[in-house]
Structure formats: C-alpha cells, structure tokens
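Fold and geometry: a report
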Amino acid sequence: MTSLRVRTGVIGLALLTGLAAPPTTATAADTPSGPTVEERRLDGAVPQEILRRSGFDTVATDFARALDRARSYDAARRAVVREGTELWRRAVDRAQGRGPAAGDLSRDDDRPLYWARLGMTRALRAWEPGFRLGEERRARLLDELERGSRGQDDIGFPRGRGTKRVLVTGFDPFTLDRDIRISNPSGAAALALDGTVIETADGPARIETAVFPVRWRDFTAGTVERALRHRLPRVDLFATVSQGRVGRFDIERTNGAWRGGFGDNENTGRPETVPVPDPASQPQWTSTTLPYAEIVAAQTGRFPVYDNTSVTEIPAGGTEQVVRPEGPTPGSTARAGGGGDYLSNEIAYRATLLRDRLGLCEELPGGHVHTPVLRFGAGNTTEVTDPEFVRDRLDIIGQVRSIVTVAVSATERTRG
C-alpha cells in the first residue's frame, strides 16, 4: 500500500529494525480508549452488508458473549486468543473452500475478516468486566486479538529439509473514506495462500501468511519486527505484498526510510523518517533480494510484471527532491522508495532492514511485490461486488501464487 505519490496524480494507493532494542507492544498510552475511526465506520450499510452476506455478522456478538463469561483477566485472555485465532482460521477456510460458504459473497473476499475483526476490537474496547481490568491490560488484550486474528501467531512451518518455507504478508483494505466497499487483493492473497503447498523446480514449498493493519501507530510500535524477527531466520524466502498501480505488478527494487504522511485507516499521518530501533545505524535505502529478473521474464499471469527501479531522493548536498528512474545515488536522502512513501514501502523497508540486521542479506531472498489495483466493474458505484471485481481478484491471487513459485524456483537454481 503506497501513496505512490498521490500528489503527482498517480492512480491507486497501495500498502505500499533493528536488533539493539526489541519492538514495543501496544500500551494504554497509544491505544485509543473509545471507538477508533476504523471502528466507527462499522455501522455503515456497506460493512453490515458484507458481514451479512459472508456469514460473519454474528462474530462480534459471539465474541462479546465469550468475554462476558470471563471471570478473570486470565480467562479473558484465553477467550481473546481463542476467538481471534478462530476468526483467522475461519477466514482462511472460507477463502480456501473449506466448510459452508455461509453467504453469497465469493469465497475469495478479504473484507469479511477486516470488518469482523473491527467488530471484535470495538466490543473489547467497550467491555466492562466484573473484575478490575485497567487500560494497560485492556491494551494487551487488544494486542493479542490483533495478532491472532491476523495470522501473526499462526505462522508455523514443517521441520526438516524436504519442504521449502515461504512467508507472504498482505494488508487490510484502506482509503475507506474514498470508497468503503474497497477490498485489498494482497489480503485476499494471504487468505488464499495460507498453509498451502506449491510445487517448485526444487520440490514442494509451504506458504505461511499474515495480514498487517494500515495504521502508522502499529508500525511505529514494531508490529512488523515482532511478527518477523523470529521467522525470517527460519524461512527460505519472504515477500511482503500490497496493492499498488493500475493494471500491473511491480517488484520493488529499492525501499526508502521515509513516511510521506498520507492518512492511514485512522486518518492520521505525518511526514517523517521511518522510526526504527538504533536510528544511528539506519540506512536511507534497502534493496530487494528477490530474483526480480526471473520473475519479470516468467509468464505468471495476465497482468504484466515490472522491475521497478525508480525512487525519489534528495541528492547528497541538495535540498530539493528528485525522481531517479534508475535508483538512488550515493549519499542521498530517501523521500520515496519504488513502492512510494506509504505503508507498503514501510513494510518492505522494515522487513528488508530486519533481514540485513539479522545478517541474512546474502542468503535470504526477500522483498516487496505490488499487485494491480482492484477495481469494480464499469458503472458499478454502489454494489459491494460484481463479476469483474471477483474475476480480477482471483486472477491477482493466482498470479501472486505464480510469482512466489517462480521466485522460489529461481532462487534454488541460483544457489545450485
């Protein structure tokens, strides 16, 4: 998810680490006490229709009942972990065709998970238990709920050497004030691919996935590093994925240490350097180690795939920002990576910086993939779905799978 330089009129926004200090967790100080901007959108007609037409409309009320049965903080925590994990698994099962469809929305739809989670977080924020909870403990429960319902605590790979391990991440829908019907194909891909096995030139590879929020505060609190720190040393390849430009995939060559400040799902944001631990050693740029040349050359689907090398920088000794089509120049200051200056660039920057700080740059392929923008069919300005919308989302999901397959195969050939 990148802002992709909205100021210059580029169409489509996409969600576009150190070891010195551990990433922080949510605290009462940075967790809103009342309903958030995201949660307040939940009562609109469109979110309610999506929940009803997917069978997820009872998730929040069922969760509230589970909370009410808790007679202690430990019992509440168990309920939160159980219900959050169950929501993720239910969404994955629906996307992968397991169990009843429970509604007429297509199974590939990522939006029921998003809106159901918000119903749960709103219920937890408003919950008044019969024991003393306190805002700090409530914030911990909210953090547990977020991680569990996003698949971040459900990442598990087989032991041994027979199967490659691939980690893929996606994002929530965003720019909801522009069109509350929006779906994010990266989140849909995460649901469709979680726990699946692909056949590569070097044998099977298992994909595990997770979804991240479109919120600056979570990234500042270290949600990416916490989810990936102990996983990256154990995987053979990772790809952060988000929605990007119209009609094309991009493999983003370079990521920048700059937030452009475009509003997130809570309508907050300010321009600043990406805040990471040990800022004194923070580089302005990080690079993909995905086999971009092989991915671009392969026939992965109907959308073209580009090796995107462009960045925006302030040259060394300069004061004005400049677009560099071939990548950054020595000593420059980042103003946008290939994936822009929004959260897609930031997850790519944070994940690749963590890779480098863990000493894995030379051995771990990883980087960012931007999908095409998912749009409704011509003339559809009110309906929550249509055939073109579903077709494109399915095609994007399939092409993400193909890109990952090519990346794993190409990496093995290079190592061999």
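Everything that follows concerns the structure shown earlier in this document.
A quick note: this is a predicted structure, and the numbers were derived from the prediction, not measured.

A few words now on the pattern of salt bridges. Under the defined criterion, the tally for this structure stands at 45 salt bridges. In this structure, the salt-bridge partner of Glu135 is Arg138, at a minimum N-O distance of 3.5 Å. Here Glu135 pairs with Arg138, and both are found in helix α6 (residues 135-149), just 3 residues apart, close to one helical turn. For Glu135, a relative accessible area of 40% puts it in the partly exposed group. In this structure, Asp202 and Lys164 form a salt bridge, with 3.9 Å as the shortest nitrogen-oxygen distance. Of the two residues, Asp202 is situated in the loop between β2 (197-200) and β3 (203-212) and Lys164 in strand β1 (residues 164-171); the sequence distance between them amounts to 38 residues. When its relative accessible area of 17% is taken as the criterion, Lys164 is described as buried.

Here the focus is the packing of helix α4 (residues 73-95) against helix α5 (residues 111-126). For the pair α4 and α5, the least separation of the axes is 10 Å and the interaxial angle reads 170 degrees. On the basis of their axis angle, the class for α4 and α5 is roughly antiparallel. For the pair α4 and α5, contact is made by Val80, Glu83, Gly84, Leu87, Trp88 and Ala91 and by Leu113, Ala116, Arg117, Met120 and Leu124, respectively. Among the residues making up the contact of α4 with α5, the classes are represented as 8 nonpolar, 1 polar and 2 charged.

This part takes up the sheet that holds β2. Read from one edge to the other, the open sheet built from 7 strands follows the order β2-β3-β1-β4-β14-β5-β10, with strand pairing classed as mixed. Every other strand in the sheet has two partners, leaving β2 and β10 (305-308) as the edge strands with one partner each. For this sheet, the mean inter-axis angle between neighbouring strands, taken without regard to orientation, is 30 degrees.

Moving on to the packing of aromatic side chains. Per the stated rule, a full pass over the model turns up 9 aromatic pairs. Taken together, a centroid distance of 6.4 Å and an interplanar angle of 65 degrees make the contact between Phe212 and Phe219 edge-to-face. Here Phe212 and Phe219 have matching classes, each one buried. Between Phe376 and Phe389 the ring centres are 4.2 Å apart and the planes differ by 10 degrees, which places this aromatic pair in the stacked class. Here the residue Phe376 occupies a position in the loop between β14 (366-371) and α12 (387-415), and Phe389 occupies one in helix α12, the gap between them amounting to 13 residues. Assessed through its relative accessible area of 15%, Phe376 is described here as buried. Overall, the relative accessible area of 0% leaves Phe389 in the buried class.

Turning our attention to the side chain of Glu208. Residue placement: Glu208 occurs in strand β3. Engagement of the side chain of Glu208 in a polar contact is seen with the side chain of Arg206, the distance being 2.8 Å. With near-sequence residues (within four places) excluded, Glu208 lies in contact with Asp154, Ile155, Gly156, Phe157, Val166, Leu167, Val168, Asp194 and Gly195.

The next subject is unusual backbone geometry. Non-glycine residue Ala102 carries a positive phi angle of around 55 degrees. You can see Ala102 is positioned in the loop between α4 and α5. The phi dihedral of Thr175 is positive, around 50 degrees, even though this residue is not glycine.

Thresholds applied
Residues numbered from 1 in each chain as written. Predicted model: local features only at pLDDT ≥ 70, side-chain atom pairs only at ≥ 80, totals over all residues. Heavy atoms only, no water. Salt bridge = Lys/Arg side-chain N within 4 Å of Asp/Glu carboxyl O. Helix = DSSP H or I, 4+ residues; strand = E, 2+ residues; numbered from the N terminus. Buried < 20%, exposed > 50% of the residue type's maximum accessible area, 1.4 Å probe, protein only. Axes fitted to C-alpha atoms, helices over the stretch in contact; angles between N-to-C directions. Parallel < 35°, antiparallel > 145°, perpendicular 65-115°, else oblique. Contact = heavy atoms within 4.5 Å. Nonpolar A, V, L, I, M, F, W, Y, C, P; charged D, E, K, R; others polar. Pairing = 2+ DSSP bridges. Phe/Tyr/Trp six-rings, centres within 6.5 Å; stacked < 30°, edge-to-face > 60°. Polar contact = N/O pair within 3.5 Å; in protein donor to acceptor, adjacent residues only side chain to side chain.

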